[in-house]
Amino acid sequence: MAIEFLNHIGEELAVELSLIHMAAFPEKQGWKGKDIHELLEISFHHLVVDYDASNQVNGFLLYSLILDEAEILTFCVDPVKQHQGIGTTLLNVFFTKMREKQVKIVMLDVAENNLAAVNLYYRLGFSLNGRRSNYYENKIDALLMSLSL
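Being a predicted model, the structure only gives us computed values, none of them experimental.

Trainee: Please explain the overall build of the protein as it appears in this structure.
Mentor: Scanning the protein from N- to C-terminus turns up four helices and seven strands. What you see for the protein is a C-alpha radius of gyration of 15 Å, in line with the 15 Å of a compact globule of 149 residues. Across its three principal directions, the C-alpha atoms of the protein cover 40 × 35 × 30 Å. Going through the 149 residues of the protein one by one, you find that 42% of them count as buried. Here the analysis covers contacts within the protein between residues at least 6 apart in sequence; of these, 55% occur between residues at least 24 apart. For the protein, the accessible surface area stands at approximately 8,300 Å², while carbon and sulfur atoms represent 49% of it. Each charge class in the protein was averaged separately, 12 positive and 19 negative side chains, and the resulting centres sit 6 Å apart.

See below:
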């Protein structure tokens, strides 16, 4: 397993990430490769990618970093590789890097019905800070969560 922090990626990797994202999220919520690629053209957006021994993507995390605040924009693990600790490892490596950069808080939003993710975030020490009603498709609320580093 290798984890890389990236600022820019090629279109081929963007498409690979998109396929994982579309598989990991409900229909119509997966991001297109073009969208991922364009987000990374913005200077404060960054990417963390976890690769397996054969250089296949296990999962990734896309985040913004502004001053001492980081926001996880999206985070997913290939559904075939879930429940193996990959997500926890990826997040913990991310938190370590953010502490090195003197980030004080990590924020995110998560669909309230994504119980696996919600439970993971609570296990890692995130707190619930609020809710956005009807934020996602099918009128699902977003839970606003944060972790002080």
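Trainee: What should I look at first to understand the pattern of salt bridges in this one?
Mentor: Within the structure shown, the criterion is met by five salt bridges. Residue Lys34 is joined to Glu38 by a salt bridge in which the shortest nitrogen-to-oxygen separation is 3.7 Å. Note that Lys34 and Glu38 are positioned in helix α2 (residues 33-39) at a spacing of four residues, about one turn of the helix. Lys34 gets classed as exposed once you look at its relative accessible area, which sits at 58%. Note that Arg131 is salt-bridged to Glu112, the shortest N-O span being 2.6 Å.

Trainee: I'm lost on a nonpolar patch on the surface in this one. Help?
Mentor: On the surface, a cluster of nonpolar side chains totalling about 400 Å² of accessible area is made up of Ile42, Phe44, Ile66 and Leu67. Inspection of the secondary structure puts Ile66 in strand β3 (residues 57-66).

Trainee: Any chance you could explain the side chain of His45 here in plain terms?
Mentor: Residue placement: His45 occurs in strand β2 (residues 45-51). Those residues in contact with His45, other than ones at most four positions away along the chain, are Asn7, Leu39, Leu40, Tyr63, Ser64 and Leu73.

Trainee: I'm lost on the environment of Thr88 in this one. Help?
Mentor: In this structure, Thr88 sits in helix α3 (residues 86-100). A relative accessible area of 28% means that Thr88 is categorised as partly exposed. Considered as a pair, Thr88 and Arg123 are 35 residues apart in the sequence and their alpha carbons are 9.5 Å apart. Those residues in contact with Thr88 that sit more than four places away from it in its chain are Leu120 and Leu124.

Cut-offs and rules
Per chain, the residues get numbers from 1 upward, laid out in the order the sequence is written. Selection of residues for local features in this predicted model requires a pLDDT of at least 70, selection of side-chain atom pairs for listing and counting requires 80 or more, and totals for whole chains, interfaces and linings are taken over all residues. Side-chain measures were taken over the full set of non-hydrogen atoms in the model, leaving aside hydrogen atoms and water. Segments assigned H or I by DSSP are reported as helices when at least four residues long, segments assigned E as strands when at least two residues long, and all are numbered from the N terminus. Our radius of gyration looks at C-alpha atoms and nothing else; its globule reference is 2.2 Å times the residue count to the power 0.38. Each residue's exposure class comes from its accessible area (1.4 Å probe, protein chains only) as a fraction of the maximum for that residue type: buried when under 20%, exposed when over 50%, partly exposed otherwise. Here, two residues are considered to be in contact whenever any of their heavy atoms come within 4.5 Å of each other. In this description, accessible areas are obtained by the Shrake-Rupley approach with a 1.4 Å probe, and a residue is regarded as covered only by the protein chains that are shown. Counted as positive: Lys and Arg. Counted as negative: Asp and Glu, with His and the chain ends omitted from the count. Just so you know, the charge point we use is NZ for Lys, CZ for Arg, CG for Asp and CD for Glu. Criterion for a salt bridge: a side-chain nitrogen of Lys or Arg within 4 Å of a carboxyl oxygen of Asp or Glu. In this scheme, patches are assembled from residues that exceed 30% relative accessible area and form no salt bridge. Like charges are connected within 9 Å, while nonpolar side chains (Val, Leu, Ile, Met, Phe, Trp, Tyr) are connected within 5 Å.

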